[in-house]
Amino acid sequence: MKNLDLAHIEEQLKYRWDYKYVWRRKQNNLWDSYTSYIYKTQNWADLIPKMAKTVIDHKLDKHELFYYASNRWYNFWSAMAVEQLFTEIEGITPAVNSRDREKDFFIKQTPFDHKTSIFPKGFGHDINYAKSNEKELITWLYEHQSGEQRFHLKNRLFVIVHDINGNHWKMKARLSLIKTAIKNYVSAYHEDQLQKVIFAENKQALSDIIWVQQ
């Protein structure tokens, strides 16, 4: 994918803010196939007619489709933008295969996937507890990741966004704020700070959390 105009992406993502963030159905491969155009549609205005056509073509509930497609679109383009924020930093090398689902880039010699997530209310503890017990949260995040396309137990950096007013999902569009947090993290990065997470059958991963708060 060509380099993104990050200011433009941030502007487009914020159009999604005009609607509540809900999922009317669990994510699945069939509905992912219905909405695969999100990967080639950067502009919000271009997304609207594609969603409308999908409703007609597949005889779907328009509200279910709207939230499903718009949420996937929002999360995908935020993720692409955040990945670029990482790879623009000196010392970070993009993965050779842009479609590699297990790694997006290398910090020094260590490969990482990245995932931007809102602070999970299902974790059962507040953010102060989470920041003091990062390994517990990281393990929880691996265990509760989606079972769909990007599921894996390899190295991952979690970018956790938290808004004091509870609008955590909107933080995924605040690319300027995320950029500052990533740059600060990478400037102080050392592999010794990574958490080693052990899974069944002796599988293990290196992971860490980059906190983005306001």
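Cut-offs applied
- Residues numbered from 1 in each chain as written.
- Predicted model: local features only at pLDDT ≥ 70, side-chain atom pairs only at ≥ 80, totals over all residues.
- Heavy atoms only, no water.
- Buried < 20%, exposed > 50% of the residue type's maximum accessible area, 1.4 Å probe, protein only.
- Helix = DSSP H or I, 4+ residues; strand = E, 2+ residues; numbered from the N terminus.
- Pairing = 2+ DSSP bridges.
- Polar contact = N/O pair within 3.5 Å; in protein donor to acceptor, adjacent residues only side chain to side chain.
- Core = buried A, V, L, I, M, F, W, Y, C linked by side-chain atoms within 4.5 Å.
- Arc of directions from axis to C-beta.
- Contact = heavy atoms within 4.5 Å.
- Phe/Tyr/Trp six-rings, centres within 6.5 Å; stacked < 30°, edge-to-face > 60°.
- Lys NZ or Arg CZ within 6 Å of the ring centre and 35° of its normal.

Chemist: For this particular structure, what's the right way to read the pairing of strand β6 (residues 204-213)?
Modeler: Where a strand is regular, its side chains alternate between the two sheet faces. Most of β6 sits out of view: seven of its 10 residues are buried. Sheet topology places strand β4 (residues 156-162) next to β6; seven bridges connect them, and they run parallel. Residue pairing across strands places Val159 opposite Ile210, the latter belonging to β6. The sheet contact formed by strand β5 (residues 195-198) and β6 spans four bridges and is antiparallel.

Chemist: Looking at this model, I keep getting lost on the environment of Trp77. Mind explaining?
Modeler: Along the chain, Trp77 turns up in helix α4 (residues 62-87). Sequence separation between Trp77 and Tyr15 is 62 residues, and the spatial gap between their C-alpha atoms is 13 Å. At 2.9 Å, the side chain of Trp77 and the backbone oxygen of Thr41 are in polar contact.

Chemist: Mind showing me how you'd approach the nonpolar core here?
Modeler: For soluble globular proteins, nonpolar side chains are generally found buried alongside one another. One finds Leu65, Trp73, Trp77, Phe86, Ile178 and Ile182 to be the most contacted residues of the largest nonpolar core, which totals 49 residues. Broken down by secondary-structure element, the contributors of at least two residues to this core are α1 (6-15), α2 (29-34), α3 (44-58), α4, β2 (105-107), β4, α7 (175-187) and β6. Per-element tally for this core: the top contributor is α4, with 14 residues. Ile127, Ala130, Leu137 and Phe158 belong to the second largest nonpolar core, which has 16 residues in total.

Chemist: Whenever I open this one, α1 confuses me. Can you help?
Modeler: Count 3.6 residues to each turn of an α-helix, and residues three or four apart come out pointing the same way. Among the residues of α1, Leu6, Ile9, Glu10, Gln12 and Leu13 are the ones counted as buried. For α1, the angular spread of the buried residues around the axis is 165 degrees, confining them to a single face. The elements touched by buried residues of α1 are α3, α4 and α7. You can read the cap of α1 off the contacts: a side-chain oxygen lies 3.2 Å from the backbone nitrogen of Ala7, and it is on Asp5.

Chemist: So what exactly am I meant to see when it comes to the packing of aromatic side chains here?
Modeler: Aromatic rings in a pair are described by how distant their centres are and how their planes are angled relative to each other. Under the definition given, this model contains 20 aromatic pairs. With a centroid separation of 4.5 Å and an interplanar angle of 25 degrees, the aromatic rings of Phe86 and Phe105 are classed as stacked. In this pair, Phe86 sits in helix α4 while Phe105 sits in strand β2, placing the two residues 19 residues apart along the sequence. For the residue pair Phe86 and Phe105, the accessibility class agrees, reading buried in each case. Members of the aromatic cluster, joined through ring pairs, are Tyr21, Trp23, Trp31, Tyr34, Tyr68, Tyr74 and Trp169. Positioned above the aromatic ring of Trp31, the side-chain terminus of Arg25 is 4.0 Å from the ring centre.

Chemist: Help me understand unusual backbone geometry in this model?
Modeler: Glycine aside, a negative phi is what most residues show, and trans is what most peptide bonds show. Residue Lys59 is not a glycine yet carries a positive backbone phi of 55 degrees. When you line up the elements, Lys59 lands in the loop between α3 and α4. Of note in this structure, Lys108 is not a glycine but carries a positive phi near 60 degrees. Relative to the helices and strands, Lys108 resides in the loop between β2 and β3 (110-118). For Lys108, a relative accessible area of 55% puts it in the exposed group.

Chemist: In this structure, what is going on with the side chain of Glu10? I would like to understand it.
Modeler: Relative to the helices and strands, Glu10 resides in helix α1. A polar atom in the side chain of Glu10 sits 3.5 Å from the backbone nitrogen of Leu175. Reaching out from Glu10, the side chain makes a polar contact with the backbone nitrogen of Ser176 at a distance of 3.5 Å. Beyond its immediate sequence surroundings of up to four residues, Glu10 is in contact with Ala173, Arg174, Leu175 and Ser176.

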